[in-house]
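Now for the letters of each chain:
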Amino acid sequence: MENETAMNEAPVVSSPQYITLKCASTPKLGKHADGIISYKAACNIGRTTLFLAITDNSSGGYFSREYVPVARIEELLAKIEQSDFPSKALKAAFIGRSSNNAGFLAAILHAEGLLVRATDSETKHVCTGDWAKWKTSLLVLEGIQDERSSPPAQSTDALVSPANNKAVATKPQKPVNPTK
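In short, a report on the structure. Residue numbers run consecutively from 1 along every chain, following the written order of its sequence. In view of the model being predicted, local features appear only for residues whose pLDDT reaches at least 70, and side-chain atom pairs are presented and counted only at 80 or more, with totals across whole chains, interfaces and linings using the full set of residues. Values reported for side chains reflect all heavy atoms of the structure, with hydrogen atoms and water molecules removed beforehand.

## A few points about unusual backbone geometry
Logical step 1: Of note in the backbone geometry, Arg-47 takes a positive phi value of approximately 55° without being a glycine.
Logical step 2: Secondary structure elements follow DSSP: runs of H or I of four or more residues count as helices, runs of E of two or more count as strands, with numbering from the N terminus. Topologically, Arg-47 is positioned in the loop between strand 2 (36-44) and strand 3 (50-57).
Logical step 3: Accessible area is worked out with a 1.4 Å probe on protein chains only. A residue is then buried under 20% of its type maximum, exposed over 50%, and partly exposed in between. Judged by its relative accessible area of 29%, Arg-47 is partly exposed.

## Focus on the packing of aromatic side chains
Logical step 1: Think of it this way: a Phe, Tyr or Trp ring, Trp meaning its six-membered ring, pairs with another when their centres are within 6.5 Å, and the plane angle makes it stacked under 30 degrees, edge-to-face over 60, tilted otherwise. Throughout the structure, instances matching the rule amount to four aromatic pairs.
Logical step 2: A centroid spacing of 5.7 Å and a plane angle of 70° characterise the contact between Phe-51 and Tyr-67, whose relative ring orientation is edge-to-face. Of this pair, Phe-51 sits in strand 3 while Tyr-67 is found in the loop between strand 4 (61-64) and strand 5 (68-69), placing the two residues 16 residues apart along the sequence. Of the two residues, Phe-51 and Tyr-67, neither departs from the other in class, the shared state being buried.
Logical step 3: Taken together, a centroid distance of 6.2 Å and an interplanar angle of 70° make the contact between Trp-131 and Trp-134 edge-to-face. One end of the pair is Trp-131 and the other is Trp-134, both in helix 4 (residues 131-139) and three residues apart, which spans about a single turn. A single burial state applies to Trp-131 and to Trp-134, both of which are buried.
Logical step 4: The rings of Tyr-18, Phe-51 and Tyr-67 are connected pair by pair, giving a single aromatic cluster.

Scope: geometric values only; no functional claims are made or implied.
Here you go:
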């Protein structure tokens, strides 16, 4: 009977655990954009992998609250053939589909000193800074483990209402037709 009970219990699946190394905010980059993007820099428990996550948007708009591996961002940037690139080149870093993700990530990378505006275009960016030194400087921070405030590992696009600055919905739902 004891074995039967153990076999019928659902396995406990733990979510990934992260250490928040840094919380910061930065202005949006868009010419007509207003508001502030808040974000986290985090690492895994083993301190071997760095992540960035958008945590808040002071004005309205969807964004994904997922952890984006810094290595994935570096891979995307390494594949860009020209020296300057638009924010949308960062879209593939996310699982979530929000159209704001790439621009918000570009703003974060600007704030961290890893991107600057291209000299001949307001809408394009150029890689700068020492990425290895930046990563090392983050990984030595003490940080805090706080799973309650950590964004999920998978994507959840959140709509932020400027009226109350709180996430009010996840991905839009299809309307339900009650006649079917």
